Structure formats: structure tokens, C-alpha cells
Amino acid sequence: MTVTPASRRMILPTSTRRPPRIGVNLAAMIDVVFLLLIYFMVATDFRKGEEVFRLDLPERQAGANEALYDLAEEPLLIRLREDPASDQGYTVTIEGGWPAVDDAEAVGRFLAASLIGGTASAAAGGDGGYFTADHPVIIVATPVTAWAHVVSVFNAVVGAGYDAVSLDVQ
Amino acid sequence: MSVIFQRGPARPQASLTPMIDVVFLLVVFFVAVSQIVDQERLDMDLPAPNPSAAHQPAEGPRAVVNVIPGPGGSSLGYRVDGLVFPADAVGQQSLADHLRDRMDRSPGLYVNVRADRQTGWGWVAPVLGAARHAAATASPPLPAARVRVSVEPAGMSR
């Protein structure tokens, strides 16, 4: 007697048959997901987070632009002007008969040496400096002054140890 | 009596479920991050003081105001929260109103100012004025606007 596959199925008891396996073909989905992953990994520009300078701007009284200068202590004014003829592209002056400065770094050195209790003033053999850390400092720049120059002077003042720094338009 | 079971060859199979989970998480992460960056940050050359006295910003609610750079150091407007305000008196007032609304909802709001290094200070100053005005007119009024000036991190100058 010849046993054919059809006759074998008829002979075998039905209890030995396994239920059919129903599966989802994941290959296509994985392909797409991997493509998306590679795209985002290549297209994403990872950069170090930006840093910030803190600047608190108190309210000015209405109609009193001079309120910024109406402080208990006379503020130190640093004037900034765009000057393409100069090496650094700007000129900076400290009002009040203080020594002339050439650039933002010089401003930082002067202010660090003038800070009461500052390490720079002590190292320079000074008499303890002229200004406290909370002495108001106002940077007054002309409207056409490049933002980078304003920030460089601001950075120099903050780096010298002063924490009451404001910006104003000349 | 011994029974011999007939077995086929062993079929090793890798479990794909954890891998799919991780890959999906990565895709969602990249999608979310790219959208956040696109909405908040406009591509521009920020000032990069060196050495820098700036610091990493503290966490908290923030409104990132981008001063859109224009030709010759000018500005084409101010972009914040996906909105663009023109760089004129009306736009500055609208910017102040928008910041005031944000401060009403989040009194501890930081206003991050991002401007190109070549942009004139005269175009950046109105943003500070708008932040100050918004703080003064918020309900309740705030004693000061909390402004942060964004710069490139140290050693990241382009």
C-alpha cells in the first residue's frame, strides 16, 4: 500500500496537529524605523548648550529716564562707541578721570584692580580698591555698536567681579 | 523502554522586542529634540567672549527672544515662541504685550535674548525695554525683568 501525504493526514489523529502560527512580519517596520533613526542621528546637530549672563532690569519710573542713574552710589559709566579705524573696532572710555583703556580686556584689568577686597587689587599692591562688588556699573553704547563689542565689555565687567551691571543706549 | 523523540535542528532566534523598544525611544527622542531646537533657536553667530564669565543657565520657564539679523547690522524683527514681531514701535509694543502674557502665567519667567554678534546694540536694546515694560505691567507687577544674554559657550566660537 502506498502512503501518500493525503492519506497520511487522514491516518494521523487530529490531536497531534499544532495550531497554525500567526505572526506579524516585523522586517519592514524595522527597516523603516532604522532609516528614521539614522536620518535623525545624521541630521541632528549636537551643540554644547549656550551660556548666559544674568541681567536684572528693574522698572524705570515713567518719564524719568534718569532713574537708572538715580542711585545711592554714583554709577561708574563705561562709554562704548563703534570705531572701525581702531584695531578692535570700537573705542571704550571710563568716565570720571580714570586711566584710559584701550579695549575690553583693559577695562576688566582696571576694574579687577579697583575691586575692594579683590584678589587682583591685593596682588597689585593697591590700597584695597575703589569699588565694592555691588557698585553700579552702566555700559552706555551707541546704537550702531556691534552687539559682540557690548557683550565683550559686559563680560569683562562681570569677570572682574561686579554684579550690578546695566546696559543703556547713548 | 526508552522513547526517542525526533527533533529537528535547533532554531536560535533573537528576541527583537527590546531592540524595537529602544530604537523607538531613540526615534522619539531625536524627533522631540530637533523640534525644540527649531522652535526656540534661530541660527546665528552669537557673541563668543573669551575668556568668558558666562555660566550655564538655570532651569526654569523661559521665553527665548531671537533678534533676527538683517543687513548692515540691522534687524528684521524679533522672534519668540514661533511668533515674529516687526522691529518697529508697534512690534516692540506687541513683543512687550506677549512677554507680559507669559509673565502673567509664569512670574519667574526668564527672558533669554539671542542676537547676532554683528547686530547693532540699538536693535537689541528694545528687547530689554520690552522685557522691563512687561515686568512692570504684569499682574502682579514684578520688581524686575529677569533677562539673560545668550552667548556661545567657551571654546565654541565659529
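About the cut-offs
Residues numbered from 1 in each chain as written. Chains lettered and ligands numbered in written order. Predicted model: local features only at pLDDT ≥ 70, side-chain atom pairs only at ≥ 80, totals over all residues. Heavy atoms only, no water. Contact = heavy atoms within 4.5 Å. Buried area = accessible area lost by both parts, 1.4 Å probe. Salt bridge = Lys/Arg side-chain N within 4 Å of Asp/Glu carboxyl O. Polar contact = N/O pair within 3.5 Å; in protein donor to acceptor, adjacent residues only side chain to side chain. Helix = DSSP H or I, 4+ residues; strand = E, 2+ residues; numbered from the N terminus. Nonpolar A, V, L, I, M, F, W, Y, C, P; charged D, E, K, R; others polar. Pairing = 2+ DSSP bridges. Expected span 1.5 Å × (residues − 1). Buried < 20%, exposed > 50% of the residue type's maximum accessible area, 1.4 Å probe, protein only. 1 Å grid on protein atoms, 1.4 Å probe; cavity = no way out; pocket = protein on both sides within 12 Å on 5 of 7 lines; lining within 4 Å. Points joined across faces, edges and corners; volume = space filled by probe spheres on them.

Re the interface of chain A and chain B
Thought 1: On the chain B side, the residues contacting the 41 residues of chain A number 52 residues.
Thought 2: Between chain A and chain B lies a buried interface of about 4300 Å² when both sides are counted; carbon and sulfur atoms form 67% of it.
Thought 3: A per-residue breakdown of the area chain A buries against chain B is headed by A:Glu50, A:Glu51 and A:Trp147, which together make up 21% of the total.
Thought 4: Our count for the contact surface shared by chain A and chain B stands at one salt bridge.
Thought 5: A salt bridge links B:Arg114 to A:Glu50; the nearest nitrogen and oxygen atoms lie 2.7 Å apart.
Thought 6: Across the contact surface, chain A and chain B share 14 residue pairs in polar contact (both at pLDDT 80 or more).
Thought 7: Secondary structure elements with two or more residues in the side of chain A that touches chain B: helix H2 (27-43), strand S1 (51-58), helix H5 (147-159) and strand S5 (165-169) of chain A.
Thought 8: Class assignment of the residues belonging to the side of chain A that touches chain B gives a composition of 26 nonpolar, six polar and nine charged.
Thought 9: For S1(A) and strand S5 (residues 144-151) of chain B, the ladder comprises eight bridges, and the chain directions are antiparallel. Bridge pairing in S5(B) links A:Glu51 to B:Val151.

Some thoughts on helix H3 (residues 121-137) of chain B
Residue and element names in this part refer to chain B.
Thought 1: Here H3 contains 17 residues, and its C-alpha end-to-end distance of 25 Å stays within 8% of the 24 Å for a straight helix at 1.5 Å per residue.
Thought 2: By the criterion of burial, H3 is predominantly enclosed, with 12 of the 17 residues buried.
Thought 3: Listing the buried residues of H3 in full gives Trp121, Val124, Ala125, Pro126, Val127, Leu128, Ala130, Ala131, Arg132, Ala134, Ala135 and Ala136.

Describing empty space enclosed by the protein
Thought 1: Counted under the stated rule, the structure contains two cavities of 30 Å³ or more.
Thought 2: Roughly 50 Å³ of internal volume is contained in the second largest cavity.
Thought 3: In terms of lining residues, the second largest cavity is bounded by A:Met29, A:Ile30, A:Val33, A:Phe34, B:Met19, B:Ile20, B:Val23 and B:Phe24.
Thought 4: Secondary structure elements with two or more residues in the lining of the second largest cavity: H2 of chain A together with helix H1 (17-40) of chain B.
Thought 5: In terms of residue class, the lining of the second largest cavity is made up of eight nonpolar, no polar and no charged.

All we've got here are geometric facts, nothing functional implied.
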